[in-house]
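Residue strings, one per chain:
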Amino acid sequence: MAPGTRAADSFGSMGPGSCIAFPPATLAGTAAIHVGADTLVGRSATLTVGYGDGRPLPERGLVLGERCVIGARSTLTAHESIEIGDDVWFGQGVFVSDASHGYQDPATPVGRQLGRHQPVRVGSGTWVGHHAILLPGTVLGRNVVVAAGSVVRGEVPDHCVVAGVPARVVRRLEPGVGWVGDDPADVRPAWSPEEVTAYLAAREAAGR
């Protein structure tokens, strides 16, 4: 599915160069879904807004920024608001939702109880690994790394690496110092792409 097609015209907006791979798993509430330019959504993905029961949709329930990659079989299900920044990459099978079930009444089946809406925000430049889960209320800063299989809730500052169930910060960027782990002595250098390229080229030239 690409801009200018009848299917894409059902979306709130879809920027030039974007594509939703065939076949999708589920697309619902597309009038409230906005996709930025040059964004790729992998095959068998689910993008939904609302409950599908006739209730009015939010105007911008699910927003994907520009130059994003949403991995195959990922699920983004928004009831009120999920916002993904620019240059965000998801691995395969990532799950994101801004609402879950409730458990207020122990006599009622859990699946029939609705939880409250808690918007999800993913900052630009972030990478979310395979099969990670972003629970309602998650707010990720810019250039965050979420390790594969992690379950995230709450706020994560810019330039952090989180991992685990529940996820916690395992490494953070300290300007002028580098990437610092749990042990303050565990510091890794912060390199630019050019420096990484030069390092790899030097290793190759040395036959290592």
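Now for a description of the structure that goes with this document. This structure is a prediction, so every number in the text was calculated from the model and none was measured.

So, the overall build of the protein chain
Looking only at helices and strands, the protein chain features 1 helix and 23 strands. If you line up the protein chain on its principal axes, its C-alpha atoms span 65 × 45 × 25 Å. Counting only residues that meet the buried cut, the protein chain has 38% of its 208 residues in that class. Across the protein chain, every contact between residues at least 6 apart in sequence was considered, and the portion connecting residues at least 24 apart equals 26%. If the 17 positive side-chain charges of the protein chain are averaged to one point and the 20 negative ones to another, these points end up 6 Å apart.

Some words on unusual backbone geometry
Phi is mostly negative for residues that are not glycine, and the peptide bonds are mostly trans. In this structure, the amide linkage connecting Phe22 to the following residue, Pro23, adopts the cis form with an omega of -5°. Its location among the elements puts Pro23 in the loop between β2 (19-20) and β3 (26-28). Backbone torsion omega between Val165 and Pro166 reads -5°, so that peptide bond is classified as cis. Along the chain, the position of Pro166 falls in the loop between β20 (160-164) and β21 (167-174). The phi dihedral of Arg73 is positive, around 65°, even though this residue is not glycine. Assignment of secondary structure puts Arg73 in the loop between β8 (69-70) and β9 (75-78). By relative accessible area, Arg73 is classed as partly exposed at 39%. Even without being glycine, Asp87 reaches a positive phi, approximately 55°. Checked against the element boundaries, Asp87 lands in the loop between β10 (82-84) and β11 (89-90).

Structural notes on the sheet that holds strand β19 (residues 155-156)
Read across the sheet, 7 strands follow the order β1-β4-β7-β10-β13-β16-β19 without closing on themselves; strand pairing throughout is parallel. Of all the strands in the sheet, the pair left with one neighbour each is β1 (13-14) and β19. Sheet topology note: the strand β13 (residues 120-122)/strand β16 (residues 139-140) ladder contains 2 bridges and is parallel. Bridging across to β16, Arg121 finds its partner in Val139.

Observations concerning the sheet that holds strand β12 (residues 95-97)
The sheet built from 6 strands is open, its strands ordered β3-β6-β9-β12-β15-β18 with parallel pairing. The sheet is open, and its two edges are formed by β3 and β18 (151-152), each paired on a single side. When β12 meets strand β15 (residues 133-134), the two strands line up parallel, connected through 2 bridges. Within β15, the position partnered with Phe95 by the bridge is Ile133.

Points about helix α1 (residues 193-205)
Along its 13 residues, α1 runs 18 Å from first to last C-alpha, staying within 8% of the 18 Å computed at 1.5 Å per residue. Backbone geometry just downstream of α1 places Gly207 in the positive-phi region, at approximately 75°.

Reading the values: rules and limits
- Residues numbered from 1 in each chain as written.
- Predicted model: local features only at pLDDT ≥ 70, side-chain atom pairs only at ≥ 80, totals over all residues.
- Heavy atoms only, no water.
- Helix = DSSP H or I, 4+ residues; strand = E, 2+ residues; numbered from the N terminus.
- Buried < 20%, exposed > 50% of the residue type's maximum accessible area, 1.4 Å probe, protein only.
- Contact = heavy atoms within 4.5 Å.
- Lys, Arg positive; Asp, Glu negative; His and termini not counted.
- Charge placed at Lys NZ, Arg CZ, Asp CG, Glu CD.
- Pairing = 2+ DSSP bridges.
- Expected span 1.5 Å × (residues − 1).

Limitation: the analysis is restricted to geometry and does not speak to function.
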